[in-house]
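Report on the structure
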Amino acid sequence: MLLDIEFAALTHTLKFVILFQFDLVGLCDEEGARFATTLIGSKVLANALALG
C-alpha cells in the first residue's frame, strides 16, 4: 500500500502524466475475528466470494 501512495505522490510532484487510471484500495483482515471466513473484502473485490 505504501508503494501505491508513493507512486501517486511522486507522479504528482514531478507532474508526470500517466495514460491510465489507477485506484488505491486498502483492505484488512479483521473479519476473521467475527465471522467464520477471513479476507471477505479481498474476495469481494476479486469476485471470488461464494454466496450460499
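Our structure's up above, just so we're on the same page.
Attention in this report is confined to the structure presented alongside it. (Residues numbered from 1 in each chain as written. Predicted model: local features only at pLDDT ≥ 70, side-chain atom pairs only at ≥ 80, totals over all residues. Heavy atoms only, no water.)

**Structural notes on the overall build of the chain**
Which entries qualify depends on this criterion: Each helix is a run of H or I in the DSSP string that is no shorter than four residues. Each strand is a run of E no shorter than two, and both are numbered from the N terminus. Burial classes: relative accessible area under 20% of the type maximum marks a residue as buried, over 50% as exposed, and values in between as partly exposed (1.4 Å probe, protein chains only). Accessible surface area values rest on a Shrake-Rupley calculation with a 1.4 Å probe, where residue burial reflects the displayed protein chains alone.
On a plain count of helices and strands, the chain comes out with 2 helices and 0 strands. A burial count over the chain gives 6% of its 52 residues as buried. Of the accessible surface of the chain, which amounts to about 4800 Å², a share of 65% is contributed by carbon and sulfur atoms.

**Let's talk about a nonpolar patch on the surface**
Heads up, the condition is: Patch membership requires over 30% relative accessible area and the absence of a salt bridge. Like charges are linked within 9 Å, and nonpolar side chains (Val, Leu, Ile, Met, Phe, Trp, Tyr) within 5 Å. By salt bridge we mean one thing: a side-chain nitrogen of Lys or Arg within 4 Å of a carboxyl oxygen of Asp or Glu.
On the surface, Phe7, Val17, Leu19 and Phe20 cluster together to form a nonpolar patch covering roughly 480 Å² of accessible area. By the element assignment, Leu19 lies in the loop between α1 (2–13) and α2 (40–45). Residue class for Leu19 comes out exposed when judged on its relative accessible area of 83%.

**Let's talk about unusual backbone geometry**
Phi angles above zero are rare outside glycine, and Lys15 is one such case at about 55 degrees. Mapped onto the elements of the fold, Lys15 is located in the loop between α1 and α2.

**A short note on the environment of Ile5**
Mapped onto the fold, Ile5 is located in helix α1. Classification of Ile5 by relative accessible area gives partly exposed; the value is 43%.

**Topic: α1**
For the record, the criterion: A helix is expected to span 1.5 Å multiplied by its residue count minus one.
Between its first and last C-alpha atoms α1 spans 16 Å; for 12 residues at 1.5 Å apiece the expected length is 16 Å, and the two agree. One or two steps after α1, the chain reaches Lys15, where phi turns positive at roughly 55 degrees.

**Examining the packing of aromatic side chains**
Our working definition: Each aromatic pair joins two rings of Phe, Tyr and Trp (for Trp, the six-membered one) with centres within 6.5 Å, and gets the label stacked for planes under 30 degrees apart, edge-to-face for over 60, and tilted for any other angle.
Overall, the coordinates contain 1 aromatic pair when judged by the stated rule. For the ring pair Phe7 and Phe22, a centre distance of 5.2 Å and an interplane angle of 65 degrees mean the geometry is edge-to-face. With a gap of 15 residues between them, Phe7 in helix α1 and Phe22 in the loop between α1 and α2 connect regions that are remote in the sequence. Here Phe7 falls in the partly exposed class, since its relative accessible area comes to 35%. Residue Phe22 is classed as partly exposed on the basis of its relative accessible area of 30%.

By themselves, these figures tell us nothing about what the structure is for.
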